[in-house]
There are 4 protein chains.
Amino acid sequence: MSANNTQLKKEYLVVAQNASGRNLNVPVYTFSGSKPGPTVYIQSSIHGAEVQGNVVIYHLIKELKNTDIRGKIILVPNCNPVGTNIKSGEYTLGRFDPVNGTNWNRGYFYDQAAVEQFAKTVTPEEPVDVIKHRFRAHLLASIGKKLAEPWGLGLAQQLNLKLQQLAVNADFVLDLHNGPVSTRHIYIPEYAKDSALLFNIPHNIFIPNVFAGALDEATFCPWWTLQDSVRQNLGRNIQCNVEAFTLEMGSQEVINFGEGSVDAHSILSYLNGKGVLVNSDFTPAEMTRLGVYLQDYKTLYSDFGGMVEYIAKPGQKVQKGEPLAQILDIDELDNSQGSRMLHAPCDLIPMLNFPSASVLSGTQLFKCFTNYFEL
Amino acid sequence: MSANNTQLKKEYLVVAQNASGRNLNVPVYTFSGSKPGPTVYIQSSIHGAEVQGNVVIYHLIKELKNTDIRGKIILVPNCNPVGTNIKSGEYTLGRFDPVNGTNWNRGYFYDQAAVEQFAKTVTPEEPVDVIKHRFRAHLLASIGKKLAEPWGLGLAQQLNLKLQQLAVNADFVLDLHNGPVSTRHIYIPEYAKDSALLFNIPHNIFIPNVFAGALDEATFCPWWTLQDSVRQNLGRNIQCNVEAFTLEMGSQEVINFGEGSVDAHSILSYLNGKGVLVNSDFTPAEMTRLGVYLQDYKTLYSDFGGMVEYIAKPGQKVQKGEPLAQILDIDELDNSQGSRMLHAPCDLIPMLNFPSASVLSGTQLFKCFTNYFEL
Amino acid sequence: MSANNTQLKKEYLVVAQNASGRNLNVPVYTFSGSKPGPTVYIQSSIHGAEVQGNVVIYHLIKELKNTDIRGKIILVPNCNPVGTNIKSGEYTLGRFDPVNGTNWNRGYFYDQAAVEQFAKTVTPEEPVDVIKHRFRAHLLASIGKKLAEPWGLGLAQQLNLKLQQLAVNADFVLDLHNGPVSTRHIYIPEYAKDSALLFNIPHNIFIPNVFAGALDEATFCPWWTLQDSVRQNLGRNIQCNVEAFTLEMGSQEVINFGEGSVDAHSILSYLNGKGVLVNSDFTPAEMTRLGVYLQDYKTLYSDFGGMVEYIAKPGQKVQKGEPLAQILDIDELDNSQGSRMLHAPCDLIPMLNFPSASVLSGTQLFKCFTNYFEL
Amino acid sequence: MSANNTQLKKEYLVVAQNASGRNLNVPVYTFSGSKPGPTVYIQSSIHGAEVQGNVVIYHLIKELKNTDIRGKIILVPNCNPVGTNIKSGEYTLGRFDPVNGTNWNRGYFYDQAAVEQFAKTVTPEEPVDVIKHRFRAHLLASIGKKLAEPWGLGLAQQLNLKLQQLAVNADFVLDLHNGPVSTRHIYIPEYAKDSALLFNIPHNIFIPNVFAGALDEATFCPWWTLQDSVRQNLGRNIQCNVEAFTLEMGSQEVINFGEGSVDAHSILSYLNGKGVLVNSDFTPAEMTRLGVYLQDYKTLYSDFGGMVEYIAKPGQKVQKGEPLAQILDIDELDNSQGSRMLHAPCDLIPMLNFPSASVLSGTQLFKCFTNYFEL
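Residues numbered from 1 in each chain as written. Chains lettered and ligands numbered in written order. Predicted model: local features only at pLDDT ≥ 70, side-chain atom pairs only at ≥ 80, totals over all residues. Heavy atoms only, no water.

**Q** Help me understand the interface of chain A and chain C, please; the structure alone is not making it clear to me.
**A** Counting from both sides, the interface comprises 19 residues of chain A and, opposite them, 19 residues of chain C. Across the chain A to chain C interface the summed buried area is about 1,300 Å²; carbon plus sulfur atoms make up 44%. Taken as a group, R22(A), N85(A) and V99(A) account for 34% of the area that chain A buries against chain C, more than any other trio of residues on that side. Scanning the region where chain A abuts chain C turns up eight residue pairs in polar contact (both at pLDDT 80 or more). No other element matches the three residues that strand 2 (residues 23-32) of chain A contributes to the side of chain A that touches chain C. (Contact = heavy atoms within 4.5 Å. Buried area = accessible area lost by both parts, 1.4 Å probe. Polar contact = N/O pair within 3.5 Å; in protein donor to acceptor, adjacent residues only side chain to side chain. Helix = DSSP H or I, 4+ residues; strand = E, 2+ residues; numbered from the N terminus.)

Here is the structure:
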């Protein structure tokens, strides 16, 4: 419990059972403020190798123990106890279910048709608070029904839905990830573009109202679609003020306490901007923030197999034609083809690169900002 | 070359490059008949552990060397040289790309909107042959354009598209797979339901015009949609006679030459029924064939982790309430909870079960026919 | 608790901690008889995919709850909570630590020089009971010291030593394993050859006093060496009557309750023969038992890569020159090299074969009895 | 071919066959000087993820094309085509055979008894050249016999022996490796301690005449033992001048062309010091070189599972009691146990640390120099 009026509670949520028949649970830390306010949900490590978010939550808890808040903040570190614990060689095979390849971050729930159906029940006079309350109940019931499917569900989906049962009540949802070898960047729904200025993250990707299974999308798509549908149906603009983000906190496989403190301050600055903190002086840093639309966030795949030195570093501005990578061909070491350069096809900034020199054809070498702009 | 008028040619298709920088190729065996006729495309082992199809192709080639054919038969055994060669323990990790979890059988090309666009160019008088020829050229160009994407493509998609460049010219496409521990079954598009009677496969799953990325769907969805669109646009019924199937030839990780011969005869019976063979007496067997619609083909997931004996065997009729599996709980061996039965939730026939006793929660224990019927 | 005079107790032993920071424990079931007698230690699934032993222990506990015993029986099912829970594809990657390849069954403790040193402390008159008591204390202290190594120990070794702390007190140690695709067989130290007649296991491998890291060896090597050293030093023959076995209970990845009951009866017959059971009528079956010396237990490796049908079945007598396997070569399907036979190099009985058709060069295709004899 | 008198030849050596039935080969580059002299053998990437050596060989070849040499230099980059190509997640699972866990670097041949037997055939007068020639023939025959074993050999051993057939003729053998996250260091047999001054490697580990399966040991143990045995047998000191080293060229999974050039110069300085280069001015750098005996090269294992920040960096001098690592405990984030420090148990220099923050108990956190000294 904190020295202020905020209460801190620790509980455990069972999310799976392993082959030994043992329950696998995750810790759920909840801060409850003395004043009413929004609900915040923050989780980390849904991809098992992406561990920096756990340190960020460590620092968030330290800070929040000394901070008055409005509403509630739910923190779930290490939220995937299966993915965290699959080693293959020295690394963590944490991106997908090793049984079937299912991405641990693609099984959240969203039913667009049901949202559009719900939107039809909204009347011109219904207060936004009441709409939000009814809609949350609707979403929660839908997730519950899905989880109760009589023939059962796959492991990743079960895990995702159990976490989403916590997240669905939140106004602000932050899903903490890492890239392979990566600089810090964030996915922001286009309608919440202004929130980019509240975080201290230099690279911002603005994404449309499209669902591909991730938690941020599963959170904002329903509300975005609800607002759009109500506008279309009634010509009425409602603001539900629900936001959700995927934050990429640097490189996977690494934790860094120092950087984690900086990351936590960035999040606290956002939360303060949203009125979650009471009498807090966390404010956004003065810094250059760059943005890109999702269609300009490009993946560069190898069209060769071989060994690669990644020359362009994540976060570095590269001009068209400058070297991105140098490739070694072990069969041509006796001639001039022993190494060759791969050049940037256009002006770009790499956000991340593949974490191994050894690549097959069709490998994601870099993900890059192109046509980026200053915010 | 065969003793008859059929020509047999062996070529190699490069489908990927490995981290040593070496080309990975697959053998392509092509029979060309002296008479014109349809094109047949048969591949096996796109999932690396599903190897029985390779033996089936071995037997098909032996038979076809002594058979006159019309048209062309293209056979691509072991069509995934990456998936075939990833061992993890003694087994083959062949279902998905080990780098990112991408299913090797989900990256084929289909663009529904483009097909609907194409359908608008069909006139009331255009002969079906001409439509088919134009449509094939359209599909081939689309695949080629996709493969030439300037930022590149992922490995699985590259592999799929290179194979699809061969398959897109075929009238009859057979993709040979295996289940985990499995009885023989086949996926058949609903419009080609009658073809179930030409194969000697006891279990038939009828699937709708929905694309989920597999080769059979990527083959029949365009033609099905084209036919539907032309009917809608012009009120004209055209029959393109393109069929595509996924055949599940028993259990993965196993080859059996004796069963492979039986499997090959089943396929030759289909091809003979379609007029591909000349003066051949391969005819379908007299046998009971059961069918099910896809929505009644159910996956039973575990809601527990533990050790499982699979009691109900693939292909066996199970009544509601009869035992499917016996579960061991190693923490309760001193009491009556040490083992318990899992019962069938309705009348069903398991097609396959999970190949390991050890399961986490959310594991596909069985895939089952329910509401099945005799053909 | 049982209806007789035997007490049953369940405890948990922590053997490791996972990356989530959670303790991993294993259940330890202990039966204590009202009469004094030997100690028995039985564990299963040190290799995670070898699960049948868990069912055997299930049946042993059921039987022992209704049986009076002398001494103590310790049962540890599923004794490797790490290896049990590493999935890779649908199978369990349970043979070695996925981080570094360390076999989970090679880190038990044995220090031959220390045993020879200890042997020098034995006097001509020291009663065998006292020697045994002193030696057990010596072994236990050595293991404890090893575990307390200030720079720490590797995971597999820690796991092994924690289990060995239980096993070191036992007179009879049974380590329950499975082969890949396998018939039942057992490893027996040469000096305990007669015990082959107490189990109902058709295939018996007699092994010398050589330590390669496994639990059976770590158990019998010290006592064997002690007896030999005392004989050499003092010309005195002492009988310590400690025996240890590795039992291979059929194929991995499978549990079978019916066969588990038969396996349990075989073990109870051994225990009854050793005086552990009171008024029990478990007796060895009348059956043919075959034996082989370790140097005649041969591994046949592939000198090719390809796809294999394993024709000779585990347990089947094969004459020299008879077919063992049929090999498919997907690059030669257009000619007579498309398949070829692999023949037995001598008279043999396969005990096990590789569980996948797909093999690289240097794969263990079969392990075989050669020069075997009837017991 | 080079502009000088040195000839460069490229050949391919088949070392295995994969499950597709395809030969796997490695390139063998051989420089032959116009003048007689010693033979040098250099290989890289026997562990598939340790790829920097390939770049070093790239630079060596570039330099040697413009350098006169005495004798012969054999270079085998990427010498393990199996280990190079096993991906598991984005990383390369290259340390052990994924089928059975066998370390790719532990199957080389050495038979101490046979060497001692051979030593008995050496007479007091036999010239060293003749002894060396006879001994090489003996070793080569032994390896050939092993490879011809009628029941076959495991994959790793086959691979090792085929490479050793090339290395056994060499006077100087360099096996290029990488550590996980690592600074440059080298293993040097104690008798060749002076050669530490010829390389530009700051950290030197001196190892005894003990065989654990690696190529450097398999190379120097026979000659060391031969020299010792001849001294024992005849009181005669012979100098065979065969040296072998394992060089750890920084961190795995990474190639760096710039550092590779520096690494190549270090090796050329050694070769020049040994008289392999003609009129070359490669000389050892002025630098501090530290040494340690193998018994003082310590591995620090975790006695906990959790998430770790590695604070002490490879190559950095750490005093007893200074922090090595900071550990996060996700279950204790609400109290002071949320993180804790791990301190150095004595003065040390880490050579390498585990490359993932996520560790189970029993993980190799650091390998450290202790009791080190300046050379």
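**Q** I'm lost on the domain arrangement of chain A in this one. Help?
**A** The parts lose accessible area when they come together, and the size of an interface is often stated as this lost area. Residues and elements named next belong to chain A. Assigned domains of chain A: these are domain 1 (7-287) and domain 2 (295-374). A straight line from the C-alpha centre of domain 1 to that of domain 2 covers 32 Å. On the domain 2 side, the residues contacting the eleven residues of domain 1 number twelve residues. In this assembly, domain 1 packs against domain 2 so that about 910 Å² is buried in total across both faces, 73% of it on carbon and sulfur atoms. For the pair domain 1 and domain 2, the interface holds zero salt bridges. At the surface where domain 1 touches domain 2, the tally comes to three residue pairs in polar contact (both at pLDDT 80 or more). Of all elements in the fold, only strand 8 (181-182), strand 9 (185-189) and strand 10 (203-207) reach the threshold of two or more residues within the side of domain 1 that touches domain 2. Across the side of domain 1 that touches domain 2, the residue classes break down as five nonpolar, six polar and no charged. (Domains from an automatic or database assignment. Salt bridge = Lys/Arg side-chain N within 4 Å of Asp/Glu carboxyl O. Nonpolar A, V, L, I, M, F, W, Y, C, P; charged D, E, K, R; others polar.)

**Q** Explain unusual backbone geometry here, please?
**A** Where the residue is not glycine, phi is negative for most of them; where a peptide bond is considered, it is trans in most cases. Of note, the phi angle at N78(A) is positive, near 50 degrees, even though the residue is not glycine. Its location among the elements puts N78(A) in the loop between strand 4 (68-76) and strand 5 (87-88).

**Q** Looking at this structure, I do not really get the UniProt feature "domain: Succinylglutamate desuccinylase/Aspartoacylase catalytic" (unreviewed entry) in chain A. What am I missing?
**A** UniProt records the feature "domain: Succinylglutamate desuccinylase/Aspartoacylase catalytic" (unreviewed entry) at residues 36-269 of chain A, using the numbering of this structure. The distance separating the terminal C-alpha atoms of residues 36-269 of chain A is 19 Å; by composition the span is 37% helix and 22% strand. (UniProt positions renumbered as here; feature names shortened; annotations may be inferred.)

**Q** Before we go on, may I ask you to explain the interface of chain A and chain D in this structure?
**A** Contact residues are listed per partner, giving 49 residues for chain A and 50 residues for chain D. Carbon and sulfur atoms make up 60% of the surface buried where chain A meets chain D, a total of about 4,300 Å² over both sides. On the surface where chain A and chain D come into contact, there are four salt bridges. Here K10(A) and E332(D) are joined by a salt bridge, their closest N and O atoms 3.9 Å apart. Counting only elements with at least two residues in the side of chain A that touches chain D, the list comes to strand 1 (7-17), strand 2, helix 1 (52-64), strand 5, strand 6 (91-92), strand 15 (306-310) and strand 16 (323-328) of chain A. Considering every element that reaches the side of chain A that touches chain D, the biggest residue donor is helix 1 of chain A, with five residues. Across the side of chain A that touches chain D, the residue classes break down as 26 nonpolar, 14 polar and nine charged.

**Q** For this particular structure, what's the right way to read the side chain of N78(A)?
**A** By relative accessible area, N78(A) is classed as buried at 3%. A polar atom in the side chain of N78(A) sits 3.0 Å from the side chain of T84(A). Beyond its immediate chain neighbours, meaning those up to four positions away, N78(A) contacts V26(A), S44(A), S45(A), N54(A), T84(A), S20(C), M307(D) and I330(D). (Buried < 20%, exposed > 50% of the residue type's maximum accessible area, 1.4 Å probe, protein only.)

**Q** Is there a simple way to think about the relation of the copies chain A and chain C in this case?
**A** Relating one copy of the chain to the other requires a rotation about an axis plus a shift along that axis. Each copy superposes on the other: chain A lies on chain C with an RMSD of 0.0 Å after a rotation of 180 degrees and an axial shift of 0.0 Å. Classification of the inter-copy transformation places it as that of a two-fold axis. Residue I86(A), judged by its C-alpha, is the member of chain A lying nearest the rotation axis, at 3.1 Å. (Least-squares fit on C-alpha atoms with pLDDT ≥ 70 in both.)

**Q** Just to check I follow, could you spell out the relation of the copies chain A and chain D for this structure?
**A** After a rotation of 180 degrees and a shift along the axis of 0.0 Å, chain A superposes on chain D with an RMSD of 0.0 Å. When the interface residues of chain A are mapped onto chain D, 100% of them again lie at the interface, so the same face is used by both copies.

**Q** Hey, could you run me through the packing of helix 2 (residues 112-119) of chain C against helix 5 (residues 215-234) of chain C in this one?
**A** The relative placement of two packed helices comes down to the angle between their axes together with the axis-to-axis distance. Residues and elements named next belong to chain C. Running from N to C, helix 2 and helix 5 cross one another at 40 degrees; their axes reach a closest spacing of 9 Å. Taken together, the axes of helix 2 and helix 5 lie oblique to each other. As helix 2 packs across helix 5, the resulting crossing turns out to be right-handed. Seen from helix 2, the contacting residues are Q112, V115, E116, F118 and A119; seen from helix 5, they are P222, T225, L226, S229, V230 and N233. (Axes fitted to C-alpha atoms, helices over the stretch in contact; angles between N-to-C directions. Parallel < 35°, antiparallel > 145°, perpendicular 65-115°, else oblique. Left-handed = near helix turned anticlockwise from the far one by under 90°.)

**Q** Looking at this structure, I do not really get helix 6 (residues 257-273) of chain A. What am I missing?
**A** An α-helical turn contains 3.6 residues, so any two residues separated by three or four positions project in the same direction. All names here are of chain A. Taking 1.5 Å as the rise per residue, helix 6 with 17 residues should run 24 Å; its terminal C-alpha atoms sit 24 Å apart, in good agreement. Where helix 6 is concerned, the buried positions are F257, G260, D263, A264, S266, I267, L268, S269, Y270, L271 and N272. Where helix 6 begins, the capping side chain belongs to N256, and its oxygen is found 3.0 Å from the backbone nitrogen of G258. Positive backbone phi, approximately 80 degrees, marks G275, located one or two places after helix 6. (Expected span 1.5 Å × (residues − 1).)

**Q** When you look at the sheet that holds strand 18 (residues 349-353) of chain A in this model, what are you seeing that I'm missing?
**A** Consider a sheet: its strands pair through backbone hydrogen bonds, and that pairing is either parallel or antiparallel. All names here are of chain A. Here we have four strands laid out as an open sheet, ordered 8-18-20-14, and antiparallel in their pairing. Only two strands of the sheet have a single neighbouring strand rather than two, namely strand 8 and strand 14 (297-301). Of the strand pairs in this sheet, strand 18 and strand 20 (residues 364-369) are connected by four bridges, and their pairing is antiparallel. If you follow P350 over to strand 20, its bridge partner there is C368. (Pairing = 2+ DSSP bridges.)

**Q** Sorry, what's going on with the sheet that holds strand 18 (residues 349-353) of chain D here?
**A** Spatially, 8-18-20-14 (chain D) is the arrangement adopted by the four strands of the open sheet, whose pairing is antiparallel. Since the sheet does not close on itself, it has two edges, and those belong to strand 8 (181-182) and strand 14 (297-301) of chain D, each with one partner.

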